[in-house]
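Okay, here's what each chain looks like letter by letter:
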Amino acid sequence: MDPQTIVAQNVDEKIIYNSIVYSYLFWLFGALYVIAPVIAWVLFARLLYKKLSGQHTYRISISHYVWVFGMLFMLIALVVGHLDFGLGIGKLIKSSIGWAKGWALLAIFPLIGCLSIRPEIIYRACCRVCKHTILLFPLFLIAWKVGLPSTLYVSPLSIIGGPGPEFFSVSLYEIDPGSGVPRWRLFTPWAPALGMLGNLYFIFAVQEKDSRWKKWGIAGSLLMVLMSQSRLGLVCYFALIGFFTLFKLVRSPLLYFLLSPLMLLIGVVGEATINKIQISIAAIKAARADSTRVRQALADIAVERWMNEAVVFGHGIVERGPHMVEYMPIGSHHTWYGLLFVKGVVGAVALAIPMLVTFLMLLIRLFSQPMARVGMAILLMLGLYTFGENLEILAYLFWPGLIVLGMTLRAEEPEAVLKKAAALKD
């Protein structure tokens, strides 16, 4: 098939492809936050049905089960936390629904990767969204220039409930309170989340086989990162470029010729290099000093209250912070601090173990399976963003990455194992 022409071959591919391609349309209706959990549970039901009826699906691996058990422990921690603090049945039900729309997706979407879905469908769909972003950007720029309202409206779908109205609002631009310059979040709830999505789309654009769509994908993903003005977004983007560049050179003798003098040079100017890195980190933090201060204060409050009040199972729910952190939720802007505060050590371990197991499984296949490199790049991105975002809140946006990650973790079919064994004998 011509790489320019990629058509969904089954119902599962159609659902996924259309859900990604029409992101801007769903955003106009404020439906993006609703779409992801719906397709997650619908496709999960289809996976179960196909498994039970003996239809073709890929084998679920141990890594998939580790994610499932990890997210179930998240639910257990949530229930115990509510019981410990006597939060009542109403809040427990509400939080459980939140779990089904958040943490549960980190296990369900990788499982969906065991359906008969080609990664190329997801790559192409995301490149199309990048193209839409480039074409629409002049409109967002004009909206700021002519002084249109930054937020047009909040969708009536917000009545369903969610983390906040920003998840259902249609925003044309926003003004950074610290610098006074515009930044954009497009169909995400805040600008740094757009940077995260730009990095995910960059990973997929690099895998795109058609050169025209690859160019749209790379250009659009970079535009997303730049529009977001996210410091973490830029750091992650450069890290991904380094990751993919390294694997292009890893089989080339040129890499080792370059590394030898480089290692010698680092040994000579090592201390000066470390100092420059520290200065660069300080400059990045100073670029948005107020944001850095608030993030640090939120982290300090989360750790202090976790250690003194709820070490094992956490507080059960998110709480608003004081005035010094602009009333932002305690533990927000950081997955690990948020987990410790809300779900305690149990929650933090429930995420750390699946991520570690996934890292080890992908590391084993890294040099033998190209898809493992894609999965490792996604895991690298998720790992970096645990230090700047709450993953569960944004799972409704980066779910295509979770499906592809699930594809990289699929267990090998028996036929493939037998072929490998026969090749080794020969």
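The coordinates are above.
Residues numbered from 1 in each chain as written. Predicted model: local features only at pLDDT ≥ 70, side-chain atom pairs only at ≥ 80, totals over all residues. Heavy atoms only, no water.

> So what exactly am I meant to see when it comes to the overall build of the protein here?
Each helix and strand in the protein was counted, giving 16 helices and four strands. Within the protein, buried positions represent 47% of all 426 residues. For the protein, contacts bridging at least 24 residues in sequence account for 77% of all contacts bridging at least 6. For the protein, the accessible surface area stands at approximately 20600 Å², while carbon and sulfur atoms represent 71% of it. (Helix = DSSP H or I, 4+ residues; strand = E, 2+ residues; numbered from the N terminus. Buried < 20%, exposed > 50% of the residue type's maximum accessible area, 1.4 Å probe, protein only. Contact = heavy atoms within 4.5 Å. Areas by Shrake-Rupley, 256 points an atom, 1.4 Å probe, with all protein chains shown as cover.)

> What's the story with the packing of aromatic side chains in this structure? I'm lost.
As enumerated under the stated definition, the model contains 16 aromatic pairs in all. Note on W41 and F44: the rings are 6.0 Å apart at their centroids and 85° apart in plane angle, and the pair reads as edge-to-face. Of this pair, W41 and F44 both sit in helix α3 (residues 32-53), three residues apart, which is roughly one turn of that helix. Here W41 falls in the partly exposed class, since its relative accessible area comes to 35%. Summarising the aromatic geometry, the rings of Y123 and F204 are spaced 5.4 Å apart at their centres and angled 40° between planes, so their arrangement reads as tilted. Placement of Y123 in helix α7 (residues 119-145) and of F204 in helix α8 (residues 191-207) is noted, with a sequence separation of 81 residues between them. What makes F204 buried here is its relative accessible area of 0%. Grouping aromatic residues by their ring pairs yields a cluster made of Y33, F167, F168, W190 and Y396. If you follow R410 out to its NZ or CZ, it ends over the ring of Y58, 3.6 Å from the centre. (Phe/Tyr/Trp six-rings, centres within 6.5 Å; stacked < 30°, edge-to-face > 60°. Lys NZ or Arg CZ within 6 Å of the ring centre and 35° of its normal.)

Honestly, it's all geometry; don't read function into it.
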